[in-house]
Amino acid sequence: GENVEQHPSTLSVQEGDSAVIKCTYSDSASNYFPWYKQELGKGPQLIIDIRSNVGEKKDQRIAVTLNKTAKHFSLHITETQPEDSAVYFCAASTSQGNLIFGKGTKLSVKP
Amino acid sequence: DSGVTQTPKHLITATGQRVTLRCSPRSGDLSVYWYQQSLDQGLQFLIHYYNGEERAKGNILERFSAQQFPDLHSELNLSSLELGDSALYFCASSFESRAKNIQYFGAGTRLSVL
């Protein structure tokens, strides 16, 4: 069935360093790839998304890249700050109209 | 604040019981999605409703059911509860039914089955 794999499951970086989270998907029909940030005790919040007709998208310190041929997409956070510490989820759309999520990456940014 | 409201925030109940979780979507959104989040499974899609009609089902157990009412709020009913049903339950809403539409998540309901 449809599946999204996300790596790593945990990531620890020093403040100011970059963080990269990678996801692969299995459904060739997927054409929308959002990234969500979930802070403790809160619901997931969309931070950036990319559609299949674009290879890269940036929003300040956050960027996402998409390689449709290889079926993988990545989240890049530059100049990390302690407030970036959270769990990040990637997701891919399905032909049914819903999202399949990766299992999450717990990012810790050490001051 | 995402604009999606979920009640209650916490629910503690016993095995074999039945509970109802409620979700009010953002104003103007027609789609409601339900997800289950457990420690080892991440966010699992349960079911999607659009303007009162069921649009897609994920890994939803037969003991679970949902509906979306004419005012667009949705309820997720969980019956014959088991210990393994303890989890966070999120609903999300979007304007349309296509997955390309941004889904906005509520703060979730934490269900504890004792």
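Residues numbered from 1 in each chain as written. Chains lettered and ligands numbered in written order. Predicted model: local features only at pLDDT ≥ 70, side-chain atom pairs only at ≥ 80, totals over all residues. Heavy atoms only, no water.

S.K.: For the overall build of chain B, give the residues involved together with the corresponding values.
M.R.: Each helix and strand counted, chain B has zero helices and 11 strands in total. When the helices and strands of chain B are read in sequence order from the N terminus, they spell out β-β-β-β-β-β-β-β-β-β-β. What you see for chain B is a C-alpha radius of gyration of 13 Å, in line with the 13 Å of a compact globule of 114 residues. With the C-alpha coordinates of chain B rotated into their principal frame, the extents come out at 35 × 30 × 25 Å. The 114 residues of chain B split such that 50% are buried. Accessible surface for chain B amounts to roughly 5,500 Å². Of this, 47% is attributable to carbon and sulfur atoms. If you average the places of the 10 positive and of the 11 negative side-chain charges in chain B, the two averages end up 4 Å apart. (Helix = DSSP H or I, 4+ residues; strand = E, 2+ residues; numbered from the N terminus. Rg over C-alpha atoms; globule rule 2.2 N^0.38 Å. Buried < 20%, exposed > 50% of the residue type's maximum accessible area, 1.4 Å probe, protein only. Areas by Shrake-Rupley, 256 points an atom, 1.4 Å probe, with all protein chains shown as cover. Lys, Arg positive; Asp, Glu negative; His and termini not counted. Charge placed at Lys NZ, Arg CZ, Asp CG, Glu CD.)

S.K.: Let's hear about the sheet that holds strand E3 (residues 19–25) of chain A: which residues, and what values?
M.R.: Residue and element names in this part refer to chain A. Read from one edge of the open sheet, five strands run E1-E3-E8-E7-E6, paired in antiparallel fashion. Taken across any chain shown, the strands that pair with only one partner, and hence form the sheet edges, are strand E1 (4–7) and strand E6 (56–59). Strand after strand, the sheet turns through a mean of 15° between neighbouring axes, direction not considered. Both E3 and strand E8 (residues 72–77) contribute to a ladder of six bridges, which runs antiparallel. Residue Lys22 lies in a different strand from E8, and its bridge partner there is Ser74. (Pairing = 2+ DSSP bridges. Axes fitted to C-alpha atoms, helices over the stretch in contact; angles between N-to-C directions.)

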